[in-house]
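Breakdown of the fold
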Amino acid sequence: AQSVTQLDSHVSVSEGTPVLLRCNYSSSYSPSLFWYVQHPNKGLQLLLKYTSAATLVKGINGFEAEFKKSETSFHLTKPSAHMSDAAEYFCVVQSEYGNKLVFGAGTILRVKS
Amino acid sequence: DGGITQSPKYLFRKEGQNVTLSCEQNLNHDAMYWYRQDPGQGLRLIYYSQIVNDFQKGDIAEGYSVSREKKESFPLTVTSAQKNPTAFYLCASSSGLAILDTQYFGPGTRLTVL
């Protein structure tokens, strides 16, 4: 069965510094992986997705993620944090059975001014 | 504007009562989903539907029921059998069930049982 582990429940960075949100996955096949963002009391918005094409995936708002099969990782990065990036981020792996998503527990990103 | 609407945004229910959460989409998507979100647990799938008049249980279907009478609508009923219903409920849709079909989420309904 597929699973996702987000290694940090909370991350705090200063505005203008790099962001790293870590995600490891477990899958018995070559997975599709996603990062979603959720602002307080809002729905989820897709940031980016990996579907076995290029291993470095660029998303919206300057975020990108690199798929590393040898490390079973899919970490999310951004060169320079902005105050509006403060939100909760979910790493997600797709189930091999249909379009079912398996969510990580989430990482809350705090951006300090 | 195309998208997914959920109503109401906040819902309060007395213990023992059934309550129905609304989800409507105008994206012409075939597949629709209901998730439950609890703090520190990510999202868990309750039910999903591939086409009208068909739906399947997700990982935590006990105490919930759904219907899919119209393509654009997928209401969720939280029954009195659900032991811990207080949560944030999110509806999503996708064009199909294929791997490349991105799921789009509604704004959510926060249910509180008093």
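Residues numbered from 1 in each chain as written. Chains lettered and ligands numbered in written order. Predicted model: local features only at pLDDT ≥ 70, side-chain atom pairs only at ≥ 80, totals over all residues. Heavy atoms only, no water.

1. Quick word on the interface of chain B and chain A
The test is simple: Residue contacts are defined here by distance: any two heavy atoms, one from each residue, within 4.5 Å place the two residues in contact. The buried area of a pairing is the accessible area, by a 1.4 Å probe, that goes missing from both parts when the two are put together, added over both. The salt bridge criterion pairs a side-chain nitrogen of Lys or Arg with a carboxyl oxygen of Asp or Glu, the two atoms within 4 Å. Each helix corresponds to a stretch of at least 4 residues labelled H or I by DSSP, and each strand to a stretch of at least 2 residues labelled E; elements are numbered beginning at the N terminus. Any residue that is not Ala, Val, Leu, Ile, Met, Phe, Trp, Tyr, Cys, Pro, Asp, Glu, Lys or Arg is counted as polar, Gly included; the first ten are nonpolar and the last four charged.
The interface of chain B with chain A comprises 27 residues on the first partner and 21 residues on the second. Of the roughly 1800 Å² buried between chain B and chain A, counting both surfaces, carbon and sulfur atoms make up 51%. At the boundary of chain B with chain A, the tally comes to 0 salt bridges. Of all elements in the fold, only strand E4 (31-37), strand E5 (43-49) and strand E9 (87-94) of chain B reach the threshold of two or more residues within the side of chain B that touches chain A. Its residues assigned to classes, the side of chain B that touches chain A comprises 14 nonpolar, 9 polar and 4 charged.

2. As for the pairing of strand E1 (residues 4-7) of chain B
Residues and elements named next belong to chain B. To be explicit about the condition: The rule is simple: take the accessible area with a 1.4 Å probe, protein chains only, and divide by the maximum for that residue type; under 20% is buried, over 50% is exposed, in between is partly exposed. DSSP calls a pair of strands paired once it identifies at least 2 bridges connecting them.
The alternating pattern of E1 places Ile4 and Gln6 on a buried face, while none of Thr5 and Ser7, on the opposite face, is buried. Of the pairings in the sheet, the one linking E1 to strand E3 (residues 19-25) comprises 4 bridges and is antiparallel in character. By the bridge assignment for E3, Thr5 is matched with Glu24.

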